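Per-entry structural report
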Amino acid sequence: MACFVVPMSVAILTTVVGKKVPKKYHLNWLNSMFWGGVAMLAVEHIAHGEIVFYPPFLTASLPEIFPEMMKVGVPMTLVIFLMWGIMVAVSATISKRVKYVGA
């Protein structure tokens, strides 16, 4: 129902601080992963009637939403960070090898 709220909150934060982070960390990759996942989940939840276009927007109450955010949203966000970290590490390794070979 609301598992996308956690990654959406992080996506908002990373979008706001994005200009202050060095390019070598590829924050645009992280933002793309977060915003793409949020959009996909929002569409899925709308299709299943869990999100509606009138208040209160979510069809579940807070006692149902909070556990889902903790059980699904937080792990999903951590996995996205992990995958982004791996991508940045691989990119840095490749860049170092290309510079070494090209030198």
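For the structure, check the block above.
A brief look at the structure comes next. In this text, all values refer to a predicted model and were calculated from it rather than measured experimentally. (Residues numbered from 1 in each chain as written. Predicted model: local features only at pLDDT ≥ 70, side-chain atom pairs only at ≥ 80, totals over all residues. Heavy atoms only, no water.)

**Observations regarding the layout of surface pockets**
- When its volume is computed, the largest pocket comes out at roughly 210 Å³.
- Lining the largest pocket are Thr 14, Thr 15, Gly 18, Lys 19, Val 21, Pro 22, Lys 23, His 26, Leu 27, Asn 28 and Asn 31.
- Taken together, the elements giving at least two residues each to the lining of the largest pocket come down to helix 1 (5–17) and helix 2 (27–47).
- With 3 residues, the top contributor of residues to the lining of the largest pocket is helix 2.
- Residue composition of the lining of the largest pocket, by class: 3 nonpolar, 6 polar and 2 charged. (1 Å grid on protein atoms, 1.4 Å probe; cavity = no way out; pocket = protein on both sides within 12 Å on 5 of 7 lines; lining within 4 Å. Points joined across faces, edges and corners; volume = space filled by probe spheres on them. Helix = DSSP H or I, 4+ residues; strand = E, 2+ residues; numbered from the N terminus. Nonpolar A, V, L, I, M, F, W, Y, C, P; charged D, E, K, R; others polar.)

**Structural notes on the packing of aromatic side chains**
- Within the structure shown, the criterion is met by 2 aromatic pairs.
- Both rings, one in Phe 34 and one in Phe 81, keep their centres 5.4 Å apart while their planes meet at 75°; by these two values the pair is edge-to-face. Here Phe 34 is found in helix 2, whereas its partner Phe 81 is found in helix 3 (residues 62–102), with 47 residues between them in sequence.
- Exposure remark for Phe 34: the relative accessible area of 1% places this residue in the buried category.
- Ring centres of Phe 81 and Trp 84 lie 6.3 Å apart, and the angle between their planes is 70°; this geometry places the pair in the edge-to-face category. Here the residue Phe 81 and the residue Trp 84 both occupy positions in helix 3, the gap between them amounting to 3 residues, near one helical turn.
- Since its relative accessible area comes to 31%, Phe 81 is described here as partly exposed.
- One aromatic cluster is present, built from ring pairs that chain together Phe 34, Phe 81 and Trp 84. (Phe/Tyr/Trp six-rings, centres within 6.5 Å; stacked < 30°, edge-to-face > 60°. Buried < 20%, exposed > 50% of the residue type's maximum accessible area, 1.4 Å probe, protein only.)

**A closer look at the side chain of His 45**
- By secondary structure assignment, the location of His 45 is in helix 2.
- The residues contacting His 45, other than those within four sequence positions of it, are Met 1, Cys 3, Phe 4, Glu 50 and Ile 51. (Contact = heavy atoms within 4.5 Å.)

**Describing the side chain of Glu 68**
- In this fold, Glu 68 is placed in helix 3.
- Of the side chains bearing the opposite charge, Lys 71 lies closest to the buried Glu 68, which forms no salt bridge; the N-O distance is 10 Å.
- Excluding its chain neighbours within four sequence positions, the residues that come into contact with Glu 68 are Met 1, Ala 2, Cys 3 and Gly 73. (Lys, Arg positive; Asp, Glu negative; His and termini not counted. Salt bridge = Lys/Arg side-chain N within 4 Å of Asp/Glu carboxyl O.)

**Some words on unusual backbone geometry**
- For the bond running from Pro 55 to Pro 56, omega is 10°, close enough to zero to count as cis.
- Looking at the secondary structure, you find Pro 56 in the loop between helix 2 and helix 3.
- Phi at His 26 is positive, roughly 50°, even though this residue is not glycine.
- By the element assignment, His 26 lies in the loop between helix 1 and helix 2.
- For Phe 57, which is not glycine, the phi torsion reads 75° and is therefore positive.

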